[in-house]
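Examining the three-dimensional arrangement
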Amino acid sequence: MSAARFGQAARESVAGLPRAFWWLWTSTLVNRLGAFVATFMTLYLTLERGYSASFAGLVVALHGLGGVVSSLVAGVMTDRLGRRPTLLAAQASTAFSVALLGFMEHPAAIAAVALLVGVTSNASRPAVAAMMADIVRPEDRVRAFALNYWAINLGFAVSATAAGVIAEYSYLAGFLGEAALTLACAVLVFVKLPESRPERPTSGSDAAGEEPAIGLGTVLRDGRFMGVVGLSFLISLIFTQGSVGLPVAMGAAGFSPGDYGLVVAVNGVLIVLLQIPVTSFIERRDPQKLLVISALLAGYGFALTAFAGPVWAYALTVCVWTLAEIVNSPTQMGLVVRLSPVHGRGRYQGVYNLSWAVASLVAPLMAGLLIDRYGADWLWAATGVLGTVAAAGYWLLMRGLSEGDAGVAVVAGSPGTEGSEAGSEAESGSVAEVAGEAQGDAKPAAAAGVA
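Residues numbered from 1 in each chain as written. Predicted model: local features only at pLDDT ≥ 70, side-chain atom pairs only at ≥ 80, totals over all residues. Heavy atoms only, no water.

**A few points about helix 16 (residues 345-373)**
Helical periodicity: at 3.6 residues per turn, an α-helix aligns residues three or four positions apart in one direction. Compared with the 42 Å implied by 1.5 Å per residue over 29 residues, the 42 Å span of helix 16 between its first and last C-alpha is a close match. At Ser360, helix 16 is bent by approximately 30°, the largest bend along its length, and proline Pro364 sits one to four residues beyond. Following helix 16 by one or two positions, Gly375 has its phi on the positive side, about 105°. (Helix = DSSP H or I, 4+ residues; strand = E, 2+ residues; numbered from the N terminus. Expected span 1.5 Å × (residues − 1). Bend = angle between axes of the 7 residues up to and from the residue.)

Okay, here's the thing in structure tokens:
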């Protein structure tokens, strides 16, 4: 891609999105710039505190368990209390718990506070996704989710480098630095982001336009949506092997931690470089084909690791599954929003995030069992199988939707929410109509205007 073409793609990717989105995007970037605990928890416990690897694994698992719990609780809070209060509570409590963790010394206290950090740090995700769906027009959502994902990876790439330098000086400084940046996010949300939750119609409104009451049971009984959650779980099992199975396999093959760091860095670099131009390409493509292709690329990208020998070969496999990640993440998030009733977006996002949280617990067990008993090649073969199953699942799910079998609730425009009313009519179509909108009915991004 030429520099001129890249510049055009970049301009089209950022044009037409509301001002509130960019404040939310900035909050995400700042938050990820301070991602110290998740990156260096194991090293902190084993090198700084002198605990065993098994204890470090237990603490990391408890941190993940906290994410499982908060996915559901925060989803309910997002719908009942609102997006903004949930974000403020999550970020303020995360800042407090992360700072507290840096001062804990007793093993039981460290484990307990790590669980608390897991709960608080994951509680903002349903609210962020729901608010993004509220404030961005339907035809712009894939692009918005892609830009948010780009911010996450850019922030993580910078924070991982900075955290390594900070850890050489003081782990406590890293904890306090993350707490300070998270608190800055809370201040940013408080000052710049208004509540975006759509108001329910009053009792005197036309009853035919009202949504039925939505609880967690409603979400769990939504077979089509739970199918998406199940497929997301399979995809999550695959992608998590990049930080779980890959370092173990490379270590067993005689590579150093530095070799692994170099290989996995390719993932972050490619996302930062390619997310914007690739998003410009995929936002007008059929989401069914994108999800099927990305699932196959993910599964077989990891499966190719079985044939990797030198470091550069491992890096090439990372290129394959990173492309899958770039395509899958915003496309799947757009599908989740399309299947979520407006006044249940928090709960639906919470259950969706649960797929990733559970995968973070299952993936290490899966990798350890297969590598220890059968060897790493069996793990990579399993990722190929998972990718194939996920691709078939996406094809069947989206084919059912293309038959017009499932509509989603009409968006109620909320006061102060830019773009809500403009997207309300389009929101009532099936997911298959997303493809139609993207291929010809959506207005060009550049013509939408910047708020």
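And the narrative resumes.
**So, the packing of helix 12 (residues 245-252) against helix 13 (residues 257-282)**
Between two packed helices, both the angle of their axes relative to each other and the distance between the axes serve to describe the pair. Where helix 12 meets helix 13, the axes come as close as 10 Å, and the angle between the chain directions of the two elements is 140°. Taken together, the axis directions place helix 12 and helix 13 in an arrangement best described as oblique. As helix 12 runs across helix 13, the sense of the crossing is right-handed. Contacts between helix 12 and helix 13 involve Leu246, Pro247 and Met250 from the first element and Asp259, Tyr260 and Val263 from the second. Tallied by class, the residues present in the contact of helix 12 with helix 13 amount to five nonpolar, no polar and one charged. (Axes fitted to C-alpha atoms, helices over the stretch in contact; angles between N-to-C directions. Parallel < 35°, antiparallel > 145°, perpendicular 65-115°, else oblique. Left-handed = near helix turned anticlockwise from the far one by under 90°. Contact = heavy atoms within 4.5 Å. Nonpolar A, V, L, I, M, F, W, Y, C, P; charged D, E, K, R; others polar.)

**Quick notes on the pattern of salt bridges**
By the definition in use, this model includes seven salt bridges. With its nearest N and O atoms 2.8 Å apart, the salt bridge here joins Asp140 to Arg143. The exposure class of Asp140 is buried, given its relative accessible area of 3%. Residue Arg143 is classed as buried on the basis of its relative accessible area of 0%. One salt-bridge network, held together by shared partners, links Asp79, Arg83, Asp134, Arg345 and Arg347. (Salt bridge = Lys/Arg side-chain N within 4 Å of Asp/Glu carboxyl O. Buried < 20%, exposed > 50% of the residue type's maximum accessible area, 1.4 Å probe, protein only.)

**Notes on the packing of helix 5 (residues 83-101) against helix 7 (residues 124-135)**
Relative to each other, helix 5 and helix 7 sit at 150°, their axes nearing to 9 Å. The orientation of helix 5 relative to helix 7 falls into the category roughly antiparallel. Considering how the two elements wind past one another, helix 5 and helix 7 form a crossing that is left-handed. Each of Arg83, Arg84, Thr86, Leu87 and Ala90 in helix 5 lies in contact with helix 7, whose residues at this interface are Ser124, Ala127, Val128, Ala130, Met131 and Asp134. Tallied by class, the residues present in the contact of helix 5 with helix 7 amount to six nonpolar, two polar and three charged.

**Considering helix 12**
Taken together, the buried positions of helix 12 are Gly245, Leu246, Ala249 and Met250. For helix 12, the angular spread of buried residues about the axis comes to 120°, placing them on one side. Backbone geometry just after helix 12 places Gly254 at a positive phi near 95°. (Arc of directions from axis to C-beta.)

**A closer look at the nonpolar core**
One recurring pattern in soluble globular proteins: nonpolar side chains tend to sit buried together. Membership of the largest hydrophobic core comes to 74 residues, with the highest contact counts inside it found for Phe21, Met132, Phe225, Leu246 and Tyr394. Non-local contacts of Leu246, meaning those with residues more than four positions away in its chain, are made with Gln241, Tyr260, Val263, Thr305, Tyr314, Val318 and Trp380. (Core = buried A, V, L, I, M, F, W, Y, C linked by side-chain atoms within 4.5 Å.)

**Examining the packing of aromatic side chains**
In the structure shown here, the tally under the stated rule is eleven aromatic pairs. Both rings, one in Tyr51 and one in Phe55, keep their centres 4.7 Å apart while their planes meet at 45°; by these two values the pair is tilted. An aromatic cluster is defined as three or more aromatic residues linked by ring pairs; in this entry it consists of Phe21, Trp22, Trp25 and Trp150. (Phe/Tyr/Trp six-rings, centres within 6.5 Å; stacked < 30°, edge-to-face > 60°.)

**Concerning the confidence of the model for the chain**
Of all residues in the chain, 81% have pLDDT values of 70 or greater, and the mean over the chain is 78. Ranking the elements of the chain by mean pLDDT puts helix 19 (residues 432-441) last, at 34, and helix 14 (residues 287-303) first, at 94. In the model, residues 402-451 has pLDDT below 50 throughout and makes 99 contacts with residues more than four positions away in sequence or in other chains. (pLDDT = per-residue confidence, 0-100.)

**Some details on the side chain of Thr120**
Summarising the element assignment, Thr120 is placed in helix 6 (residues 107-122). There is a polar contact of 3.2 Å between the side chain of Thr120 and the side chain of Ser97. Beyond its immediate sequence surroundings of up to four residues, Thr120 is in contact with Ala90, Ser93, Thr94 and Ser97. (Polar contact = N/O pair within 3.5 Å; in protein donor to acceptor, adjacent residues only side chain to side chain.)

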